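Breakdown of the fold
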Amino acid sequence: MAFNYDTTIGFNPDKALKQDMKPRILKAQFGDGYMQRARDGINNINESWTLTWKNRSVADGQKLLNFFESTGGIHAITWTPPYASDPLKVIVETWNTTFPQMEVLTVQAKFTRVHDL
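For the structure given in this document, a descriptive report is provided here. Being a predicted model, the structure only gives us computed values, none of them experimental.

Thresholds applied
- Residues numbered from 1 in each chain as written.
- Predicted model: local features only at pLDDT ≥ 70, side-chain atom pairs only at ≥ 80, totals over all residues.
- Heavy atoms only, no water.
- Core = buried A, V, L, I, M, F, W, Y, C linked by side-chain atoms within 4.5 Å.
- Buried < 20%, exposed > 50% of the residue type's maximum accessible area, 1.4 Å probe, protein only.
- Helix = DSSP H or I, 4+ residues; strand = E, 2+ residues; numbered from the N terminus.
- Expected span 1.5 Å × (residues − 1).
- Arc of directions from axis to C-beta.
- Contact = heavy atoms within 4.5 Å.
- Pairing = 2+ DSSP bridges.

Another point: the nonpolar core. Generally speaking, soluble globular proteins have nonpolar side chains that are buried together. The biggest cluster of nonpolar side chains holds 20 residues, and the ones touching the most others in it are Tyr-5, Trp-53, Leu-64, Phe-68, Ile-77 and Phe-111. For this core, the elements supplying multiple residues, two or more each, are strand E4 (45–57), helix H2 (58–71), strand E5 (77–79), strand E6 (88–101) and strand E7 (104–113).

Structure below.
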């Protein structure tokens with residue numbers, strides 16, 4: 001089953017996105033203070049995004065939550081980040097909901113890039 005955020009959800013997260021990037025590196029420390037470093041694999045830069053949908057209707061919020069639950073945290077989805085022309089494959093690792101007032105909710109999710117086939 002294909003999971004495509006851009007076509008399934010139909011609305012964008014808030015503009016204040018947070019992108020985290022961390023290289024995965026193998027290190028060997030030697031007794032004389034010398035350290036050797038090498039990339040750990042081909043795709044060694046871990047990339048994740050924190051997205052927020054603030055003050056959304058219950059219907060929109062439930063649509064998001066149902067979509068995230070359908071992926072189960074294991075199925076990759078395609079998502080196009082802002083200012084990018086090509087979509088990324090990501091998994092939705094975590095998500096949470098807050099209820100700032102009646103009939104309104106805020107959803108926050110963490111998308112982590114994967115390099116699956």
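Turning our attention to the environment of Met-102. With respect to the helices and strands, the residue Met-102 is situated in the loop between E6 and E7. A relative accessible area of 71% means that Met-102 is categorised as exposed. Remark: the alpha-carbon pair of Met-102 and Ser-57, spanning 45 residues in sequence, is separated by 9.6 Å.

For H2, which comprises 14 residues, the first-to-last C-alpha distance of 20 Å matches the rise-based estimate of 20 Å (1.5 Å per residue) to within 8%. Buried residues of H2: Gly-61, Leu-64, Leu-65, Phe-67, Phe-68 and Thr-71, and no others. Projected onto a plane normal to the axis of H2, the buried residues spread over an arc of 160° and lie on a single side. Facing away from the buried surface of H2 by more than 90 degrees, the exposed residues are Ala-59 and Glu-69. Contact partners of the buried residues in H2: helix H1 (5–8), E4, E5, E6 and E7. Gly-72 sits one or two residues past H2 and shows a positive phi near 65°.

This part takes up the pairing of E7. Across the 10 residues of E7, 7 count as buried, placing the element largely inside the fold. Pairing of E4 with E7 involves 8 bridges; the strand directions are antiparallel. When the bridges of E7 are listed, Ser-48 appears paired with Thr-112. If you look at the hairpin formed by E6 and E7, you'll find 2 residues sitting between the two strands, and Glu-103 has a positive phi there, around 65°.

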